[in-house]
Amino acid sequence: MNQLPIRPDAPWLAPLAGWSDLPFRILCREQGAAVCCTEMVSAKGLVYGGRNTEDLLAATPLEGERLDDGSLVTDHPVVVQIFGAEAEFMEQAVHILKHRGFQWFDVNMGCSVPKVTKTGAGAAMLRDVPNALRVAEAVIKAAGPGRMGFKLRLGWDASSEVYRELARELAALGAAWITLHPRHAVQGFAGTPRFSAIGELASELPVPVIASGDLFTAADGVRVLRETDCASVMYARGALKDPAIFAKHLELLRSGGEIPASESLSPAFEGKALAAQNACDVLDSLPVDRKGLADVIRRHAQLARRYSPHLALLKMRTFVPRYVKSMDGARALRQEIVQCSDWDSLNAILEKYFGAEL
Ligand SMILES: Cc1cc2nc3c(=O)[nH]c(=O)nc-3n(C[C@H](O)[C@H](O)[C@H](O)COP(=O)(O)O)c2cc1C
């Protein structure tokens, strides 16, 4: 595959530290995610062989077949997201990843978590555009043409928006796509994303722009596609809540009709000016299709046990409470799940709550 699918009918799974691991990526692919990003991987961790890097990079034939020369060919591409502020480490990281067969990469210029920004990486790169461009030049050269994307926010804060100038320069250097989460770094996840900024970038950049930010339902994703002319969308928290969001996205596009405003829950759309802290409430208020959810949980557990056996139970103890949060009886279910220590008890708990649906 020489080009990643970056189209309206090819929704992406966003990079999600702590969540977008191999079993979850496969689960999302099965639901229709066209491209899945790994959790962010530290460039220094890669270079020095950090402990968690192997798990973060686990990839199977489902994600890509390995050729004799070590490269991965696949219809279901995986994008490895890296972070780091030093061009030399970032460049080396890309070489290491290429050597291991990965073909597609993304640089995190949007993470606002202090652990990352205090090293100058993630969204802190927006405060030092010359260095961001040095890093970009090095990684694009290492990756080869058409293989490297960048995930940005608008800027560090409202007084220092750099996304337009930075994205233009990145495209000129050879970026293959730009993802924009249109908030400032200091906002974290507060406030509403400014979708008009996605529209501006999409209309002026020569490379595809992918939208991210408060796309909680498939209706949100399809609306942002229609209203901004972005090339594709990335689902993040919406996918953690409901991995079937990808299937619903594809179904909405196929049916092609008007989307009732009630199905579009992102506060960023007009008429939905919810307080920022209510974003999670929006997700939590989504109705749960119990049968669909039971299928998702069963499949997720299978995939976790197969592809991440040593972490599988722990992972299910973190994913399931997120899935069931808006279900009747969710609080008690969560309490039981976080305490369970083996598969038999997990299955018994799920059976008790889902009954025949499981
Ligand atoms: C738990 C969590 C982990 C995240 N990890 C990453 C990451 O590793 N790299 C990254 O670029 N963005 C990361 N993000 C940001 C998302 O990729 C996405 O841009 C953001 O959540 C906005 O989309 P949403 O509002 O639809 O969730 C993370 C977000 C969440 C909630």
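Residues numbered from 1 in each chain as written. Predicted model: local features only at pLDDT ≥ 70, side-chain atom pairs only at ≥ 80, totals over all residues.

### Focus on the packing of helix α9 (residues 218-228) against helix α11 (residues 245-255)
Describing two packed helices takes the angle between their axes plus the distance from one axis to the other. Selection rule: Lines are fitted to the C-alpha atoms to define the axes, a helix being fitted only along its stretch in contact, and any angle between axes, read from their N-to-C directions, falls within 0 to 180 degrees. Helix and strand definitions follow DSSP, with helices as H or I runs of at least four residues and strands as E runs of at least two, each counted in order from the N terminus. Oblique is the label for any angle not under 35 degrees, not over 145, and not in the 65 to 115 range, which are roughly parallel, roughly antiparallel and roughly perpendicular in turn. A crossing counts as left-handed when the near helix is turned anticlockwise from the far one by less than a right angle, and as right-handed when that turn is clockwise. In this description, a residue-residue contact is defined by the distance between C-beta atoms placed from the backbone, which must lie within 7 Å. Only Asp, Glu, Lys and Arg are considered charged in this grouping, and only Ala, Val, Leu, Ile, Met, Phe, Trp, Tyr, Cys and Pro are considered nonpolar; every other residue, Gly among them, is considered polar.
Interhelical geometry of α9 versus α11 gives an angle of 50 degrees and a closest axis separation of 8 Å. As the angle between them shows, α9 and α11 are arranged oblique. Regarding α9 and α11, the two cross each other, and that crossing is right-handed. Contact residues: α9 offers A218, A219, G221 and V222, while α11 offers I245, K248, H249, L252 and L253. Residues of the contact of α9 with α11, tallied by class, amount to six nonpolar, two polar and one charged.

### Focus on the domain arrangement of the chain
Threshold: Throughout, the edges of the domains are those of an automatic or database domain assignment.
What the domain assignment reports for the chain is domain 1 (12-284) and domain 2 (290-357). Placing a centre on the C-alpha atoms of domain 1 and another on those of domain 2 gives a separation of 27 Å. Counting from both sides, the interface comprises twelve residues of domain 1 and, opposite them, eleven residues of domain 2. When contributions to the side of domain 1 that touches domain 2 are tallied by element, the ones reaching two or more residues are α1 (22-30) and α10 (237-241).

### As for the site of the ligand
Here is the rule we go by: Each residue receives a C-beta atom built from its backbone; the residue is near a molecule or strand if that atom lies within 6 Å of it.
The environment of the ligand is formed by 21 residues, the closest being A14, P15, M40, A236 and R237. Its residues assigned to classes, the shell around the ligand comprises nine nonpolar, eight polar and four charged.

### Focus: unusual backbone geometry
Stated formally: Any residue whose C-beta has 12 or fewer other C-beta atoms within 10 Å is treated as exposed, any with 20 or more as buried, and any in between as partly exposed, C-beta atoms being built from the backbone.
Phi angles above zero are rare outside glycine, and D214 is one such case at about 55 degrees. Its location among the elements puts D214 in the loop between β10 (209-211) and α9. By the C-beta count within 10 Å, which is 29 here, D214 ends up buried. The phi angle at D229 is positive, at roughly 65 degrees, despite the residue not being glycine.

### Notes on the pairing of strand β11 (residues 232-235)
As a reminder, the rule being used: DSSP calls a pair of strands paired once it identifies at least 2 bridges connecting them. Viewed with both strands pointing away, a crossover whose connecting path from the first strand over the helix to the second turns clockwise is right-handed.
Because side chains alternate across β11, one face comprises the buried residues S232 and M234, and the other comprises V233 and Y235, equally buried. Looking at chain direction, strand β1 (residues 12-13) and β11 are connected through two bridges and run parallel. Residue W12 lies in a different strand from β11, and its bridge partner there is M234. Inspection of the sheet shows β10 paired to β11 by two bridges, in the parallel sense. From the neighbouring strand, A211 faces β11, where its bridge partner is V233. Handedness of the β10-α9-β11 crossover: right-handed.

### Examining the packing of helix α15 (residues 330-339) against helix α16 (residues 343-354)
At a closest axis distance of 9 Å, the pairing of α15 and α16 adopts a crossing angle of 170 degrees. When the axes of α15 and α16 are compared, the pair comes out roughly antiparallel. Here α15 contributes L333, E336 and I337 to the contact with α16, which in turn contributes L346, I349 and Y353. Class assignment of the residues belonging to the contact of α15 with α16 gives a composition of five nonpolar, no polar and one charged.

### Some words on helix α8 (residues 195-204)
Stated formally: The directions from the helix axis to the C-beta atoms are what the arc is built from.
Taken together, the buried positions of α8 are occupied by F195, A197, I198, L201 and A202. For α8, the angular spread of the buried residues around the axis is 150 degrees, confining them to a single face. Of the exposed residues in α8, those oriented more than 90 degrees away from the buried face are S196, S203 and E204. Looking at the packing, one finds that the buried side of α8 touches β8 (148-155), α7 (163-173), β9 (177-184), β10 and α9.

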